[in-house]
Amino acid sequence: MEVDCQAEESMVSAFDEESVELGDVKDMRLEAEAVVNDVLFAVSEMHVSQSLNSASDVAYINVETREGNRYCLELTEAGLRVVGYAFDQVNENLTTQYHETVYSLLDTLSPGYREAFGNALLQRLERLKQNGQ
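Cut-offs used in this document
- Residues numbered from 1 in each chain as written.
- Predicted model: local features only at pLDDT ≥ 70, side-chain atom pairs only at ≥ 80, totals over all residues.
- Heavy atoms only, no water.
- Pairing = 2+ DSSP bridges.
- Helix = DSSP H or I, 4+ residues; strand = E, 2+ residues; numbered from the N terminus.
- Axes fitted to C-alpha atoms, helices over the stretch in contact; angles between N-to-C directions.
- Buried < 20%, exposed > 50% of the residue type's maximum accessible area, 1.4 Å probe, protein only.
- Polar contact = N/O pair within 3.5 Å; in protein donor to acceptor, adjacent residues only side chain to side chain.
- Contact = heavy atoms within 4.5 Å.
- Phe/Tyr/Trp six-rings, centres within 6.5 Å; stacked < 30°, edge-to-face > 60°.
- pLDDT = per-residue confidence, 0-100.
- Parallel < 35°, antiparallel > 145°, perpendicular 65-115°, else oblique.
- Nonpolar A, V, L, I, M, F, W, Y, C, P; charged D, E, K, R; others polar.

Moving on: the sheet that holds strand S3 (residues 45-48). The 4 strands are arranged S3-S4-S5-S6 in an open sheet whose pairing can be described as antiparallel. Two strands in the sheet have a free side with no partner beyond their single neighbour: S3 and strand S6 (79-84). Neighbour-to-neighbour, the strand axes of this sheet turn through a mean angle of 25°, independent of strand direction. Both strand S5 (residues 70-76) and S6 contribute to a ladder of 5 bridges, which runs antiparallel.

So this is what it looks like as structure tokens:
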């Protein structure tokens, strides 16, 4: 199941809206912060790496899933992909699939993310139903 939408209105994706354009290149450091803010509700821990060098064309995000698995993610114009299986770890020999969205990537890595996302969606739908009656 691929989920490319956000459940909560207050968690509107800032992935593109908050980006700073440098010519035709997005500043990936700002993109990474927006990614973290979008899905922090559905993971145990997530932050932009302070140890790995980010630049305008690449940023690294550390994430711990609800299952306790830790990953280092690379964010580029190509998308997001796992580059390590610990915080601040980049394995140059690792060849993992790029995902267009953080939602798609987390959906493949974490059943707990899927559950949290689904619960947030159900809560939002319940609030909409209550407000409509």
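Burial of S3 is one-sided: the residues Met46 and Val48 facing one way are buried, the residues Glu45 and His47 facing the other way are not. With 4 bridges connecting them, S3 and strand S4 (residues 59-64) associate as antiparallel partners. For His47, the partnering residue across the bridge sits in S4 and is Asn62.

Bringing the side chain of Asp38 into the picture now. Looking at the element boundaries, Asp38 is found in helix H1 (residues 28-39). For Asp38, a relative accessible area of 3% corresponds to the buried category.

By the secondary structure assignment, Asn62 is in strand S4. Asn62 sits in the buried class, given a relative accessible area of 0%. Looking at Asn62, its side chain comes within polar contact range of the main-chain nitrogen of Asp88, at 2.8 Å. When sequence neighbours within four positions are dropped, the list of residues in contact with Asn62 reads Glu45, Met46, His47, Ser49, Tyr71, Cys72, Phe87 and Asp88.

With that out of the way, let us pick up the packing of aromatic side chains. Enumeration according to the criterion identifies 2 aromatic pairs in this entry. Centroid distance Tyr71 to Tyr85: 5.9 Å. Interplanar angle 65°. Geometry classified as edge-to-face. With Tyr71 in strand S5 and Tyr85 in the loop between S6 and helix H2 (102-109), this residue pair connects regions lying 14 residues apart in the sequence. Take Tyr71: its relative accessible area is 9%, and that puts it in the buried class. Judged by centre distance (5.9 Å) and plane angle (40°), the rings of Tyr113 and Phe117 are tilted. With a gap of 4 residues between them, Tyr113 and Phe117 both fall in helix H3 (residues 111-132), about one helical turn apart.

Mean pLDDT over the protein chain: 84, with 80% of residues reaching 70 or higher. Note on residues 1-25: pLDDT under 50 across the span, and 53 contacts to partners over four residues away in sequence or across chains.

Turning next to the packing of H2 against H3. For the pair H2 and H3, the least separation of the axes is 5 Å and the interaxial angle reads 125°. With respect to H3, the axis of H2 lies oblique. Along the contact surface, H2 presents Tyr103, Leu106, Asp107, Thr108 and Leu109, while H3 presents Pro111, Tyr113 and Arg114. Residue composition of the contact of H2 with H3, by class: 5 nonpolar, 1 polar and 2 charged.

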